[in-house]
Structures are given as structure tokens and as C-alpha cells.
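# Coordinates in review
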Amino acid sequence: MTATFKSIDTATHARLVADIRRQGFACIPDYLNAEHLARLRSELSTQAVQHHGNYFAYHGGSAVERSLLGLLAESTEFCALLDSIHRLSCARPAHDPVIRQVLRCVQGQTGRRESNAFHYDATLVTALVPIEIPQDAEQCGDLLMFPNIRPVRSNAAFNLLEKALLQNRLSRALLVAAIARGWARPLRLILQPGNLYLFWGYRTLHANEPCSPTHRRATALFHYGDPHAGCLLTRMTLKLTERRARRRSRPPLGNL
């Protein structure tokens, strides 16, 4: 199984970083072609059927690594792009060169419970590829962002404390209420399948809005450049996050 991906020249890399600094994100239109999208959607449909129309998220694993997403994460062009974005963003190479892959599918009532989960990513660079995005639903799961609102923390423990204070049910409920009343005004991204979106996930508080349960919102995420790589707290947090994702992605017992 092979695939060829778009190569982005180095001059464009600098423009992408300038866009992230200026507006909070950068976009490469049609990064994946129609053949790529058709292949991804076919692979996604197989997984969605196994989950009986419920929410699921794969943090790596064979289902992702054997798919087109795995080929993308291993491609020379894509690796060079993320490495260049990281170097231009903070003037140094990533401590950890591993690209962490996530396939996330919001669907059904369980998908609604996984929405509005505002958070900071563990890595500086986040690359997002929409696979399926509702176009005619009442709720389309738009991406909401408060871009670049914090610096990279020098202390991993302080970073985890900050995340714990913001990434809990009460804080998220208060933020969602503030957004509904117009007291907080996030940047709203209406995602287009096949585009590649780049932003500083570590510095950007973000979440997807709910998606109508009769529709499917599927995205591929690639995380690169953990500034606290190697820290015991960071490793433990990553394992807990992956374990929680596996637990929430299990089909309900009634559907087995």
C-alpha cells in the first residue's frame, strides 16, 4: 500500500508560520486529493460500523498505522513539513521527533458528550485533516479556538496544573456558557475535508462544537513537538489520556 503526498516548499513554510502568528492557524487547501479522501472515508466507515454509530478515538495503534494516515505520518514530505514548522516557530528542533496520530470520529449521542471539551494539546504543533464534516446539519462540529493565549511553560508540573484547572467539567461548562452569552469570543473554523490546518495546539485552547447525532464528524490529528518530552509526569499523563480514550471508545454493552 503506497501513496504520494503534496510537497510544500520551504518559502511556504515561513508563510504558514507567519499565518499562525497572525491569525492563530494556517491552512494548506486540498492537501489530500479526492483519491486520498475516498480511501480514508472507506477505512473510516469500516471502523464506524464496528462502533455501532458511537463516538470513538484511536490514539495510534494498528487501525491508524495500517491506514492512509499511517502512510502520511511516515512520508518524507509530511515529516519535513512538521519539523520545519516547529523549527520556525521556536528556533529549535523538537525534543521528541515522534508524530503522534489520532483518528477521532464524533457521531451519535456519545459524540455529543465528547464535544466542547476545551483543552491544550501536549505538543506545540498540531496538524488537523478533516475527513468528514457535516455540511447541512443543524450542528456541524465547528472548531472553536482561543489561539496562542499562553506561552510554552518551562516547567512540566506547572503545565499540568494549568491544564487541570481548565480541562475539567466545571471550567468547560463555564466557558461554554460564556461563549453562548457572547462574553468569550473564540475563533471559529469551518473545516473543509482534504485541507490541512496547522496551529500551535500547546498554546491554543480549543474544542469542537457538538455535531448533530445523525451526522458524522471525523478528523485526523497529528501532534508533533512535546516541549516536556521525557518528563515522567508527561509520560504518565499521555498513558492516562490514551487509556481514557480507549475506555470512551468502547461500544456500549447493549450494542455488542
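This text follows the structure it describes.
Described in the following lines is the structure provided in the data block. This is a predicted model, so every value here is computed, not measured.

Note on soluble globular proteins: their nonpolar side chains tend to be buried together. Core analysis: the biggest nonpolar cluster contains 40 residues, and Tyr31, Phe78, Leu82, Leu196, Leu198 and Phe222 have the highest contact counts within it. Per element, the largest residue contribution to this core is five residues, and it comes from helix 4 (residues 68–74). Formed by eleven residues, the second largest nonpolar core is a distinct cluster that contains Phe25, Ile133, Leu143 and Leu221.

Across the sheet, three strands lie side by side as 6-5-8; this open sheet has antiparallel pairing. Single-partner strands in this sheet number two, and they are strand 6 (187–189) and strand 8 (205–208). Each strand axis lies, on average, 20° off the axis of its neighbour in the sheet, ignoring direction. With four bridges connecting them, strand 5 (residues 143–146) and strand 8 associate as antiparallel partners. Of the residues in strand 8, the one forming a bridge with Leu143 is Asn208.

All right, on to the pattern of salt bridges then. All chains considered together, the criterion is met by nine salt bridges. Close ionic contact of Arg100 with Asp96 constitutes a salt bridge, the shortest N to O distance being 2.9 Å. With relative accessibility at 15%, the residue Asp96 sits in the buried group. Here Asp142 makes a salt bridge to Arg188, at a shortest N to O gap of 3.2 Å. Residue Asp142 is found in the loop between strand 4 (125–132) and strand 5, and its partner Arg188 is found in strand 6; the two are separated by 46 residues along the sequence.

On inspection of all chains with the given rule, the structure shows four aromatic pairs. Between Tyr31 and Phe78, the aromatic rings sit 6.2 Å apart at their centres with planes inclined by 50°, giving tilted as the arrangement. Here Tyr31, found in the loop between strand 1 (26–28) and helix 2 (34–50), pairs with Phe78, found in helix 5 (residues 76–90); they are 47 residues apart in sequence, far enough to count as distant. We note that Tyr31, like Phe78, is buried. Between Phe118 and Phe146 the ring centres are 6.1 Å apart and the planes differ by 50°, which places this aromatic pair in the tilted class. With Phe118 in the loop between helix 6 (108–113) and strand 4 and Phe146 in strand 5, the pair connects residues that are 28 residues apart, well separated along the chain. In this structure, Phe118 and Phe146 share a single accessibility class: buried. A network of ring pairs unites the aromatic residues Tyr31, Phe78 and Phe222 as a single cluster. The ring of Tyr202 carries the charged tip of Arg150 above its face, separated from the ring centre by 4.1 Å. Above the face of the Trp183 ring, Arg181 is positioned so that its terminal group lies 5.8 Å from the ring centre.

Regular strands place side chains that alternate from one sheet face to the opposite one. Buried residues dominate strand 9 (residues 216–224), accounting for eight of its nine residues. Examined bridge by bridge, strand 3 (residues 99–107) and strand 9 share nine bridges and lie antiparallel to one another. Looking across to strand 9, one finds that Gln101 is bridged to Phe222. With seven bridges connecting them, strand 4 and strand 9 associate as antiparallel partners. Counterpart to Pro130 in the pairing with strand 9 is Thr219.

Next up on the list: helix 8 (residues 169–180). When the terminal C-alpha atoms of helix 8 are compared, their 16 Å separation across twelve residues agrees well with the 16 Å that a helix rising 1.5 Å per residue should span. All buried positions along helix 8 are accounted for by Leu175, Ala178 and Ile179. Along the axis of helix 8, the buried residues cluster in a sector spanning 100°; they form a single face. In helix 8, the exposed positions that point more than 90 degrees away from the buried face belong to Arg169, Leu170, Leu174 and Ala180. In the core, the buried residues of helix 8 are packed alongside strand 5 and strand 8. Capping the start of helix 8, Asn168 holds a side-chain oxygen 3.1 Å from the backbone nitrogen of Leu170, two or three residues further along. Directly beyond the C-terminal end of helix 8, a positive phi value near 80° is found at Gly182.

About the thresholds
- Residues numbered from 1 in each chain as written.
- Predicted model: local features only at pLDDT ≥ 70, side-chain atom pairs only at ≥ 80, totals over all residues.
- Heavy atoms only, no water.
- Core = buried A, V, L, I, M, F, W, Y, C linked by side-chain atoms within 4.5 Å.
- Buried < 20%, exposed > 50% of the residue type's maximum accessible area, 1.4 Å probe, protein only.
- Helix = DSSP H or I, 4+ residues; strand = E, 2+ residues; numbered from the N terminus.
- Pairing = 2+ DSSP bridges.
- Axes fitted to C-alpha atoms, helices over the stretch in contact; angles between N-to-C directions.
- Salt bridge = Lys/Arg side-chain N within 4 Å of Asp/Glu carboxyl O.
- Phe/Tyr/Trp six-rings, centres within 6.5 Å; stacked < 30°, edge-to-face > 60°.
- Lys NZ or Arg CZ within 6 Å of the ring centre and 35° of its normal.
- Expected span 1.5 Å × (residues − 1).
- Arc of directions from axis to C-beta.
- Contact = heavy atoms within 4.5 Å.
- Polar contact = N/O pair within 3.5 Å; in protein donor to acceptor, adjacent residues only side chain to side chain.

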